[in-house]
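Chain by chain, the residues run as shown.
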Amino acid sequence: GVFKFTPAYALWSDGASKQRYVYMPPGGKITTDGMTDGMDFWEYPAGFKLWKDFSRDGKLIETRILLKKGSGLTDWFMVAYIWKEDGSDAVAAPMGQMNAMGTQHDVPSQEACTGCHGTMWDNAIGFSALMLSHNLPDSINLQQIDQMGWLTKSPPQGGYSLPGTDAQKQAFGYLHANCGMCHNSESKIYKTK
């Protein structure tokens, strides 16, 4: 029940490589039809999990997890785990750690997790209609999660794409992935004074 996924457009990672995973609880559905454009702002079910491994300089450094604990938009548990040198286990690091395992990779604190994720509608970044509208190898995509019954409303055939040339699409995609979580009309930051 665990699937690897890769967003269509890269999220900034300060030189680290990432592997991402998703788990949908049995019978769970992502609400995709409750807003003006339901395919932009999803609501995830209780028990939904996202996590990603960060590697730097050939070492597995950390795993960050997001677990939806309830049905509310803020019902998320988020924490990073730092791996032991021998790779046998990872330990929760709620305070984070600078230059983890002797690399230039910084592990964020739990509070820092909400700095980015807490601005986005229902806190998930990178697992969305546009970001899954692809056919990348070794990754589930929008069509597959729709076929598995994960969505309350099916997306259009072929998914979503950005306008413009390939270079423009990459630029728009980067802005969407790295800036759009705050700079959108549904953002919790956008709605504050």
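Residues numbered from 1 in each chain as written. Predicted model: local features only at pLDDT ≥ 70, side-chain atom pairs only at ≥ 80, totals over all residues. Heavy atoms only, no water.

J.: I tried to follow the environment of Met98 on my own but got confused; where do I start?
T.: Tracing the chain through its elements places Met98 in the loop between strand S6 (90-92) and helix H1 (110-117). For Met98, a relative accessible area of 59% gives the class exposed. Sequence separation between Met98 and Trp51 is 47 residues; the distance between their C-alpha atoms is 20 Å. Non-local contacts of Met98, meaning those with residues more than four positions away in its chain, are made with His105 and Asp106. (Helix = DSSP H or I, 4+ residues; strand = E, 2+ residues; numbered from the N terminus. Buried < 20%, exposed > 50% of the residue type's maximum accessible area, 1.4 Å probe, protein only. Contact = heavy atoms within 4.5 Å.)

J.: Help me understand the sheet that holds strand S3 (residues 49-56), please; the structure alone is not making it clear to me.
T.: Within a sheet, adjacent strands bond to each other through the backbone by hydrogen bonds, running parallel or antiparallel. Read across the sheet, six strands follow the order S1-S2-S3-S4-S5-S6 without closing on themselves; strand pairing throughout is antiparallel. In this open sheet, the two edge strands, each paired with only one partner strand, are strand S1 (2-5) and S6. The average angle at which neighbouring strand axes cross in this sheet is 25°, direction not considered. Those strands touched by H1 are strand S4 (59-68) and strand S5 (76-83), and its axis lies near 125° from that of S5. (Pairing = 2+ DSSP bridges. Axes fitted to C-alpha atoms, helices over the stretch in contact; angles between N-to-C directions.)

J.: Teacher, can you tell me more about the pairing of S3 here?
T.: Of the strand pairs in this sheet, strand S2 (residues 17-23) and S3 are connected by seven bridges, and their pairing is antiparallel. Counterpart to Tyr21 in the pairing with S3 is Trp51. Joining the antiparallel neighbours S3 and S4 is a turn of two residues, in which Asp57 adopts a positive phi near 55°.

J.: Explain helix H3 (residues 166-178) here, please?
T.: Taking 1.5 Å of rise per residue, the 13 residues of H3 would be expected to cover 18 Å, and the 18 Å separating its terminal C-alpha atoms lies within 8% of that figure. Buried within H3 are the following residues: Gly173, Ala177 and Asn178. Angularly, the buried residues of H3 cover 105° about the axis, an arc narrow enough to put them on a single face. (Expected span 1.5 Å × (residues − 1). Arc of directions from axis to C-beta.)

J.: Just to check I follow, could you spell out the pattern of salt bridges for this structure?
T.: Taken as a whole and judged by the stated rule, the model has two salt bridges. As a salt-bridge pair, Asp138 and Lys4 come within 2.8 Å of each other at their nearest N and O atoms. Of this pair, Asp138 sits in the loop between H1 and helix H2 (142-147) while Lys4 sits in strand S1; the two residues are 134 residues apart in sequence, bridging distant segments of the chain. Classification of Lys4 by relative accessible area gives partly exposed; the value is 28%. Among the ionic pairs, Arg64 bridges to Glu62, the shortest N-O distance being 3.0 Å. (Salt bridge = Lys/Arg side-chain N within 4 Å of Asp/Glu carboxyl O.)

By themselves, these figures tell us nothing about what the structure is for.
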